[in-house]
Amino acid sequence: MVSKPPDRDVAEDELSVTTPKQWAAGIPGVVVSLRRGVEQMGVGRTARTLRLLNQREGFDCPGCAWPEPQGHRKLAEFCENGAKAVAEEATKRRVGPEFFAAHPIAELAERTDYWLGQQGRITHPVVLAPGATHYAPISWADAFDLVATELRALSTPDEALFYTSGRTSNEAAFLYQLLVRGFGTNNLPDCSNMCHESSGAALAQTTGIGKGSVSLADLTLADLIVVVGQNPGTNHPRMLSALEEAKGAGAKIIAVNPLPEAGLLRFKNPQNVRGLVGKGTALADEFCQIRLGGDQALFQAIGHLLLRWEAQAPGTVVDQDFVDTRTEGFADYAESVRDLDWDAVLTATGLDRAEIEQVARMFADSERTIVCWAMGLTQHKHSVPTIREIANVALLRGMIGKPGAGLCPVRGHSNVQGDRTMGIWEKMPEKFLAALETEFGIAVPRKHGHDTVAAIRAMRDGQAKVFFAVGGNFASASPDTEVTEAALRSCALTVQVSTKLNRSHVVHGRTALILPTRGRTERDTQAGGDQFVTVEDSMSVVHRSRGRLDPASEHLVSEVGIVCGLAQALFGPDHPVPWADFARDYDLIRERIARVVPGCADYNEKVRRPDGFVLPHAPRDAREFSGTRNGKANFTANPLTVPRVPPGRLLLQTLRSHDQYNTTIYGLDDRYRGVKDGRRVVFVSPDDIAELGLADGQIVDLVSEWPEDPTGRHERRAERFRVISYPTARGCAAAYFPEANSLVPLDSTAETSNTPTSKSIVVRLESRVDSPP
Ligand code: SF4
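Read on for a plain summary of the structure. Predicted model, so just to flag it, every value in this text is computed and none were measured. (Residues numbered from 1 in each chain as written. Predicted model: local features only at pLDDT ≥ 70, side-chain atom pairs only at ≥ 80, totals over all residues. Heavy atoms only, no water.)

## A look at the sheet that holds strand S33 (residues 761–767)
Stage number 1. Taken in spatial order, the 6 strands of this closed barrel run S25-S32-S29-S31-S30-S33, and their pairing is mixed. Each neighbouring strand pair of the sheet contributes to a mean axis angle of 45 degrees, computed without reference to strand direction.
Stage number 2. Examined bridge by bridge, strand S29 (residues 681–684) and strand S31 (residues 715–725) share 4 bridges and lie parallel to one another. Bridged to Val681 within S31 is Arg722. (Pairing = 2+ DSSP bridges. Helix = DSSP H or I, 4+ residues; strand = E, 2+ residues; numbered from the N terminus. Axes fitted to C-alpha atoms, helices over the stretch in contact; angles between N-to-C directions.)

Here it is, written out as structure tokens:
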């Protein structure tokens, strides 16, 4: 029996708090997975769907980008969050024309993301005409004509923005960027701009390729795995199985994070009896409770110590052969860390020197080291130098391009890496653009387009008038909520290709369209027969994904179909790109991918192999660094940044609860952190609570301060958050996004990558007169 969507919205006054968990997964993980599935899909559909999740002949998880093992797959090759993601997509709840007729847009705009998402799958394309109070049905042909007419009316193609979320398949992404470039712009902002752009920028400079250099098998070969600024228990849960396996093979694990997340401490693997009823596996051998933004200092200190020990015992620490033959810039780097400012390092990290020396010693003793990281590292002003500093340490030790070692940025959304490979980037290299022109006989622009932050600015400033999004929830995912929402509202047209309702449907342009699409779980039958799509995981493995469920509605069109339908309306019948053929048979798209996208030769054949294929990666495969400017891996010297927080202020990070994935809110509990039935909370250390004269449980406003704001808006306020006493690092606080996104100034971004600094916002906590301690 499928349960109805909630008829009331989130009530924060029902929020309760218990002690944070010291372990992740176990029986509660299984129970919650099944309960969410049954609530949304019923028993039979839950069983039918989950048995295909992440299986070779099934569909790829729409959650994160963690890879599947090569060869044997378990019967249940998924985690709690994967099960929740599938339940949300394969839900039997429906949002049809009668729903939109009953709910005016003004009412929907008052609802939370959680309530909107719980209503179910959108079944028909709908339009919100200028001044209308309700979305109303529209035919697909009229919808495509409407978009094409608006696009043609622009004074330049650069007045249009084409956003992509990381769930878009390779085939849809390839065609989408082709459409956009064929139209005449490189305005292709994507969700990667807000997450791992810093990783790509740093790795491209240091190793020549903006992707990680390890495989899943490497994790089990490593003798040291360092997990930095990452919470795998919630964001990449099957990584815990890999860490457990590595521990079983003798690896040591170091966790570096401001919060002692349950998934970093102990894992109760639900796939085995010991995990279900026993104590599980202790994961982190060392937990460094670092301050927000202190990671660069930590890795500088590690580099400094490694070099000092090498000087004391030459030939024992530095991989001199690797450094001599494969790298450049060693002398400058060594010089930059020789006279380390330990006071600055200790201030930035909040760690003591003995702890840092202990960690450095583990690096020195390791033969095979992997460093993994996620958003905790990528969303600071100095994120790119921080990741370059990690690369420095890996290069010193020769930890790239050998089994069991490497750099591992762990991607968030399931195909965010694949979308970039397929050309979703506002500044694709010339070689790719030239190949597109040769292949399709069209001209494509060279001027770089807008990334996400630049796209918001362009809308805000009246320079962009059409916003088109394939997937995602741009209004909620982006920083500076008030600015982003005003920017979207200033557009002439906003278009969302979506499966379910979200905030971006109620924060709309003068005209708005919702184009409902099929999900990963669903069969995709076209004139050429049943189709599959392909995706790329976080470790560069490209493989098939094929859904088997009947689509939620006969009116849904696949993402590929939507791109092709729009292209035909926009370009007319005589366009050199055979859009209609592509919509009929996805093999024809893959033939073109094979000729345009580097590393994808024989794509149709290789993706049909049982586990797909691994894209080439010169540093990993051959210790070659042909992608850098000098053909070598590059050490870099990076001035140390010590985050400065004025007295009486805290450094705030935004993070996910255990009951959400990106902006999709599955439920209102954060089981691991002990929060139930609410989301407006701010986690603060008990010592900071006392020092600030606050009380556990008190309701406060969060006020972010950024005096450098070029727009002159130096403060932003998010109201009514409950203070939760939590063992965070001193001086550091945390609150959930998207609720706290309003505090992140649009122009506060990382150097080089332009990623919003969502992990380092200076805030003060203001007591509310209506809620005294
Ligand atoms: S680890 Fe990621 S990809 Fe795997 S099932 Fe969980 S959410 Fe899905």
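After that view of the structure, there is still more to cover.
## Looking at empty space enclosed by the protein
Leftover empty space is mapped by rolling, across the atoms, a probe with the size of a water molecule.
Stage number 1. In the structure shown here, the tally under the stated rule is 5 cavities of 30 Å³ or more.
Stage number 2. The calculated volume of the second largest cavity comes to roughly 150 Å³.
Stage number 3. Lining the second largest cavity are 20 residues; nearest its centre among them are Cys61, Gly63, Cys64, Trp66 and Arg238.
Stage number 4. Among the secondary structure elements, those contributing two or more residues to the lining of the second largest cavity are helix H3 (80–89) and strand S21 (533–536).
Stage number 5. Here the lining of the second largest cavity is composed, by residue class, of 9 nonpolar, 6 polar and 5 charged. (1 Å grid on protein atoms, 1.4 Å probe; cavity = no way out; pocket = protein on both sides within 12 Å on 5 of 7 lines; lining within 4 Å. Points joined across faces, edges and corners; volume = space filled by probe spheres on them. Nonpolar A, V, L, I, M, F, W, Y, C, P; charged D, E, K, R; others polar.)

## Focus: the nonpolar core
Stage number 1. Phe162, Phe174, Leu175 and Phe468 are the most contacted members of the largest nonpolar core, which has 64 residues in total.
Stage number 2. Top contributing element to this core by residue count: helix H8 (residues 170–183), with 9 residues.
Stage number 3. Once residues lying within four places of it in the same chain are set aside, the contact partners of Phe162 are Leu151, Tyr176, Leu179, Val180, Phe183, Thr185, Asn187, Leu188, Pro189 and Phe468.
Stage number 4. With 56 residues, the next largest nonpolar core counts Leu203, Val226, Ala344 and Ile390 among its residues. (Core = buried A, V, L, I, M, F, W, Y, C linked by side-chain atoms within 4.5 Å. Buried < 20%, exposed > 50% of the residue type's maximum accessible area, 1.4 Å probe, protein only. Contact = heavy atoms within 4.5 Å.)

## Digging into the packing of aromatic side chains
Stage number 1. Inspection of every chain in the model, using the stated rule, returns 22 aromatic pairs.
Stage number 2. When the centroid spacing of 6.3 Å and the interplanar angle of 25 degrees are considered together, the rings of Tyr163 and Phe467 count as stacked. Here Tyr163, found in strand S7 (residues 160–164), pairs with Phe467, found in strand S16 (residues 466–470); they are 304 residues apart in sequence, far enough to count as distant. Each of the two residues, Tyr163 as well as Phe467, counts as buried.
Stage number 3. Among the aromatic residues, ring-to-ring pairing joins Phe174, Phe440, Phe571, Trp579 and Phe582 into one connected group.
Stage number 4. One residue, Lys268, lies across the ring of Trp23, its end atom 4.1 Å from the ring centre.
Stage number 5. Arg590 extends its terminal NZ or CZ atom over the ring of Phe532, reaching a point 3.9 Å from the ring centre. (Phe/Tyr/Trp six-rings, centres within 6.5 Å; stacked < 30°, edge-to-face > 60°. Lys NZ or Arg CZ within 6 Å of the ring centre and 35° of its normal.)

## Section: the site of the ligand
Stage number 1. Contacts to the ligand come from Asn54, Cys61, Cys64, Trp66, Phe78, Cys79, Gly82, Pro237 and Arg238.
Stage number 2. Judged by the proximity of its atoms to the pocket grid, the ligand belongs to the second largest cavity.
Stage number 3. Residues of the shell around the ligand, tallied by class, amount to 6 nonpolar, 2 polar and 1 charged. (Near = heavy atom within 4 Å. Sits in = over half its atoms within 2 Å of the grid points.)

## Observations regarding the environment of Ser498
Stage number 1. Structurally, Ser498 is set in strand S17 (residues 493–498).
Stage number 2. On the basis of relative accessibility, which here comes to 5%, the residue Ser498 falls in the buried class.
Stage number 3. Between the C-alpha atoms of Ser498 and Ala434, which are 64 residues apart in sequence, the distance is 32 Å.
Stage number 4. Sequence-distant contacts of Ser498, defined by excluding residues within four places in its chain, comprise Ile122, His505, Ile514, Leu515, Pro516 and Thr517.

## A few points about a nonpolar patch on the surface
Stage number 1. A contiguous nonpolar surface patch, about 590 Å² in accessible area, is contributed by Ile27, Val30, Val31, Leu34, Val273, Leu276 and Val277.
Stage number 2. Going through the elements one at a time, helix H1 (26–41) and helix H14 (273–277) are the ones with two or more residues in the nonpolar patch.
Stage number 3. The element best represented in the nonpolar patch is H1, accounting for 4 residues.
Stage number 4. Relative to the helices and strands, Val30 is located in helix H1. (Patch = residues over 30% accessible without salt bridge, like charges linked within 9 Å, V, L, I, M, F, W, Y side chains within 5 Å. Areas by Shrake-Rupley, 256 points an atom, 1.4 Å probe, with all protein chains shown as cover. Salt bridge = Lys/Arg side-chain N within 4 Å of Asp/Glu carboxyl O.)

## Points about the layout of surface pockets
Stage number 1. Of the pockets and cavities examined, the largest pocket occupies roughly 1100 Å³.
Stage number 2. As for the largest pocket, its lining consists of 35 residues, and the residues nearest its centre are Ile209, Gly210, Arg420, Trp425 and Pro429.
Stage number 3. Looking at the lining of the largest pocket, the elements with two or more residues in it are helix H9 (197–206), helix H22 (416–421) and helix H23 (430–440).
Stage number 4. Per element, the largest residue contribution to the lining of the largest pocket is 5 residues, and it comes from H9.
Stage number 5. A per-class count over the lining of the largest pocket returns 14 nonpolar, 13 polar and 8 charged.
Stage number 6. Looking at the second largest pocket, it is lined by 32 residues, and the ones nearest its centre are Thr112, Arg680, Phe721, Pro738 and Glu739.
Stage number 7. Of all the elements in the fold, those that place two or more residues in the lining of the second largest pocket are helix H6 (113–118), helix H25 (474–477), helix H26 (481–489) and S31.
Stage number 8. Looking at the lining of the second largest pocket element by element, the count peaks at 7 residues for S31.
Stage number 9. Partitioned by chemical class, the residues of the lining of the second largest pocket number 10 nonpolar, 5 polar and 17 charged.

## Overview of the pairing of S29
Stage number 1. Covered by surrounding structure in S29 are Val681 and Phe683 together with Val682 and Val684, the residues of both alternating faces.
Stage number 2. Across 2 bridges, the pairing between S29 and strand S32 (residues 732–736) is antiparallel. Paired with Phe683 across the strands is Ala734, a residue of S32.

## Remarks on the state of the cysteines
Stage number 1. Applying the stated criterion across every chain yields a total of 0 disulfides.
Stage number 2. Not engaged in a disulfide, the cysteine Cys191 finds its nearest cysteine sulfur in Cys195; these two sulfurs lie 5.4 Å apart.
Stage number 3. Since its relative accessible area comes to 12%, Cys195 is described here as buried. (Disulfide = S-S within 2.5 Å.)

## A few points about the side chain of Thr46
Stage number 1. Structurally, Thr46 is set in helix H2 (residues 43–50).
Stage number 2. From its side chain, Thr46 meets the backbone nitrogen of Val38 in a polar contact 3.5 Å long. (Polar contact = N/O pair within 3.5 Å; in protein donor to acceptor, adjacent residues only side chain to side chain.)

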